[in-house]
Structure formats: C-alpha cells, structure tokens
Amino acid sequence: METIDKYPRTPHAAGSRLQKGDTAEGQVSLREMQKKHPNCRMVIEEKLDGAQTGLSYSDELEQRLQSRGHYLNGGAREGQFNLFKEWANVHDATLMERLENRFTMYGEWCFARHTQFYDALPHYFFEFDILDRQSGSFLSTPARQDLLSGLPVVSVPVLADDWPGSEKELLDLVGTSAYRSAGWRDSLREAAKNAAVDPEQALAECGPSADLMEGLYLKIEKDGETVGRYKWVHPDFVQTIIEGGVHWSQRPMIRNGLASGADLFQSPKSPTSEIAL
C-alpha cells in the first residue's frame, strides 16, 4: 500500500474555538492573513460536521478510500462508511477517468450525526479539496470546479468569494446551515427514536447554538492553487463535546437525513456551481 496523503492540519482564525492539540498562539487574525497572502483571493465555505474522507487511485488505478490517516480496508468500526464505499464503487469508472493516479479528492462524509444534525442533505459526501499529487499543490475553487464538472460529486457550500471587510463581516456569515430545515429538531427526535436514543438527550447534545452552522472554512487562493487555509469553529461547538462527557463516536449512531428527492447515485447539483468564481 502506498503512503497515504493525509490532509494538512488547519490553523484557527482569531476567535475560533480551539480543539485538542491547538494553542492560542496559533490563531490568526484577518489582518495577519491579508498581510501574509497579498494579491490573493479568499473563498469562504460552510464548515460541515462530518468524517473527513478521501478518494484516490494508485499507480495501478486501484481505488483507495481513506478516513483521516488510514485507508478503509473493512472492519466493524467502518460501518458508517458502507454507503461511501458503495457510492465510490458505483461511480468507480467515472471517477477514475477524471482523477487518474494524480489527484486525491477530500470530502466530508456526513452520514452519521456528530454534534451537528442535518436533515436536508443533498448527499452524504461533500468534496472540499483536491490535492494534485504530481505538483504537490491543492487546487483553487475554480480549478476544482473545472476538474469535477459533470461528475456525480457535491462540493461544500461556498458562502463568499472575496475578502471580508472586517472580522465582524466574516462572522456575519455564520448563519443557519444550508442543510438543516426549519423543522430539524423534530427530524432529530425521530432519527434518535429510530436509533433507540433518548430524543431530548440527542437534542441537548447539539449545544446552545444548535441553530447555527458549525463554523467557517477559509481558503486563500492564487494562480489556480490554494495557498493557505484557516478555520473558524463556533465557540459552542467543541464545548458541547466537552460538557457531554462522551465523544460522538462512543454514542449510538444517529443517521443524518437527506433532502426530499435526494439520490446518492445520480448527479446532484453542487452548491459551489451556483456562485461565479
């Protein structure tokens, strides 16, 4: 098995809720980003709460699926990825033709509820970055769109494609998730019942700011490449895990919901294609 292409660790933007292993010294202000990346553009995405995954092909064009730092080779702990494997297998020929043995496509697999609950997903897999293994660089948003055009792949929602005028303007983008309906609480209660979980406990685990998205993901792009990335995580997000005392992976799995008419095995419309970049 070839060496796995791990996704790089992302530094936090100023004000972001730090996670295990992070330090306050690593937080970067908007002004510092602009100073570090002159003549670049910023693309701001909704940060989705899922399992980080990847799809690539070996030199022998064998499909490889991964989750963070390991390949998905089977086993009881990979149950939440069964549909990911099935989807990738169904579209194997199409994906291989485009990605070849050159590109690694990273995505968020949102099948299982972690802290955030979604009940209006167009798909469970959301592409968010592509590594060009030949050059060692990550593609810009327009370059990713070009590469994936016509493929049965949904990308994460793009919220803005320019530098915000201030950090307040940046945080004003933190609204309701694109993939949560107005009645998501009732949907969660029903999903919890189906998973034999106490509905009110499941709702409490979403935290005090449950109506808001998890956070923002900031891409710095120039000349067809992503040259920097930062994340802003809502202060209540990690706190929910800490106060709950139990990480989501140690709780019974609650399945996120798909939007009406969503079909995992057809070509859904990607939210990024709706914004001219």
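An account of the accompanying structure is given in this report. (Residues numbered from 1 in each chain as written. Predicted model: local features only at pLDDT ≥ 70, side-chain atom pairs only at ≥ 80, totals over all residues. Heavy atoms only, no water.)

## Things to note about the pairing of strand S10 (residues 215-222)
Phase 1 of the analysis: With respect to burial, S10 is a largely interior element, seven of its eight residues being buried.
Phase 2 of the analysis: Here strand S1 (residues 41-47) pairs with S10 via seven bridges, running antiparallel. In the strand pairing of S10, Arg41 is matched with Glu221.
Phase 3 of the analysis: Where S10 and strand S11 (residues 225-233) come together, eight bridges link them in antiparallel fashion. Each bridged residue has a counterpart across the sheet, and for Leu216 the counterpart in S11 is Trp232.
Phase 4 of the analysis: Here S10 folds back onto S11, and the loop between the two strands holds two residues, one of which, Asp223, carries a positive phi near 55 degrees. (Buried < 20%, exposed > 50% of the residue type's maximum accessible area, 1.4 Å probe, protein only. Helix = DSSP H or I, 4+ residues; strand = E, 2+ residues; numbered from the N terminus. Pairing = 2+ DSSP bridges.)

## Topic: helix H2 (residues 82-90)
Phase 1 of the analysis: Buried within H2 are the following residues: Leu83, Phe84, Trp87 and Ala88. For H2, the angular spread of the buried residues around the axis is 135 degrees, confining them to a single face. (Arc of directions from axis to C-beta.)

## Notes on the packing of aromatic side chains
Phase 1 of the analysis: Enumeration over the complete set of coordinates arrives at 12 aromatic pairs.
Phase 2 of the analysis: Arranged with centres 6.3 Å apart and planes meeting at 15 degrees, the rings of Phe84 and Trp87 form a pair that is stacked. Taken together, the positions of Phe84 and Trp87, both in helix H2 and three residues apart, correspond to about one turn of that helix.
Phase 3 of the analysis: With a centroid separation of 5.3 Å and 45 degrees between ring planes, the pair formed by Phe84 and Trp109 is classed as tilted. Highlighted residues: Phe84 in helix H2 and Trp109 in strand S5 (residues 103-109), separated in sequence by 25 residues.
Phase 4 of the analysis: Owing to a relative accessible area of 0%, Phe84 belongs among the buried residues under this scheme.
Phase 5 of the analysis: In this structure Trp109 comes out as buried when scored by relative accessible area, which is 0%.
Phase 6 of the analysis: One aromatic cluster is present, formed by Phe84, Trp87, Trp109, Phe111, Tyr124 and Phe125 through successive ring pairs.
Phase 7 of the analysis: If you follow Arg180 out to its NZ or CZ, it ends over the ring of Trp184, 5.2 Å from the centre. (Phe/Tyr/Trp six-rings, centres within 6.5 Å; stacked < 30°, edge-to-face > 60°. Lys NZ or Arg CZ within 6 Å of the ring centre and 35° of its normal.)

## What to know about the side chain of Glu214
Phase 1 of the analysis: In this structure, Glu214 sits in the loop between helix H7 (199-204) and S10.
Phase 2 of the analysis: Taking the relative accessible area as the measure of exposure, Glu214 reaches 2% and is therefore buried.
Phase 3 of the analysis: Discounting chain neighbours no more than four positions away, the residues touching Glu214 are Lys47, Leu48, Asp49, Gln116, Trp232, Val233, His234 and Phe237. (Contact = heavy atoms within 4.5 Å.)

## Re the pattern of salt bridges
Side-chain pairing between opposite charges can occur once the charged atoms of the two side chains come close.
Phase 1 of the analysis: Inspection of every chain in the model, using the stated rule, returns 14 salt bridges.
Phase 2 of the analysis: A salt bridge links Asp186 to Arg189; the shortest N-O distance between them is 3.1 Å. Note that Asp186 and Arg189 are positioned in helix H6 (residues 184-194) at a spacing of three residues, about one turn of the helix.
Phase 3 of the analysis: The partner of Glu200 in a salt bridge is Arg189, with the nearest N and O atoms 3.0 Å apart. Note that Glu200 is positioned in helix H7 and Arg189 in helix H6, a separation of 11 residues in sequence. (Salt bridge = Lys/Arg side-chain N within 4 Å of Asp/Glu carboxyl O.)

## Concerning the environment of Ala88
Phase 1 of the analysis: Mapped onto the elements of the fold, Ala88 is located in helix H2.
Phase 2 of the analysis: A relative accessible area of 0% places Ala88 in the buried class.
Phase 3 of the analysis: In this structure Ala88 touches Leu55, Gln63, Leu65 and Leu95, once residues within four positions along its chain are discounted.

## What to know about the nonpolar core
Phase 1 of the analysis: Counting 39 residues, the largest nonpolar core has Leu55, Trp87, Met105 and Trp109 as the members making the most contacts within it.
Phase 2 of the analysis: Mapped onto this core, the elements with two or more residues apiece are strand S2 (51-57), H2, helix H3 (92-99), S5, strand S6 (125-132), strand S7 (137-139) and helix H4 (141-148).
Phase 3 of the analysis: Tallying contributions element by element places S6 first for this core, with five residues.
Phase 4 of the analysis: Excluding its chain neighbours within four sequence positions, the residues that come into contact with Leu55 are Gln63, Arg64, Leu65, Trp87, Ala88, Leu95, Leu99, Phe103, Thr104 and Met105.
Phase 5 of the analysis: If you look at the next biggest cluster of nonpolar residues, it comprises 17 residues, including Val28, Cys40, Met213 and Trp232. (Core = buried A, V, L, I, M, F, W, Y, C linked by side-chain atoms within 4.5 Å.)

Without other data, these values stay purely geometric and don't point to any function.
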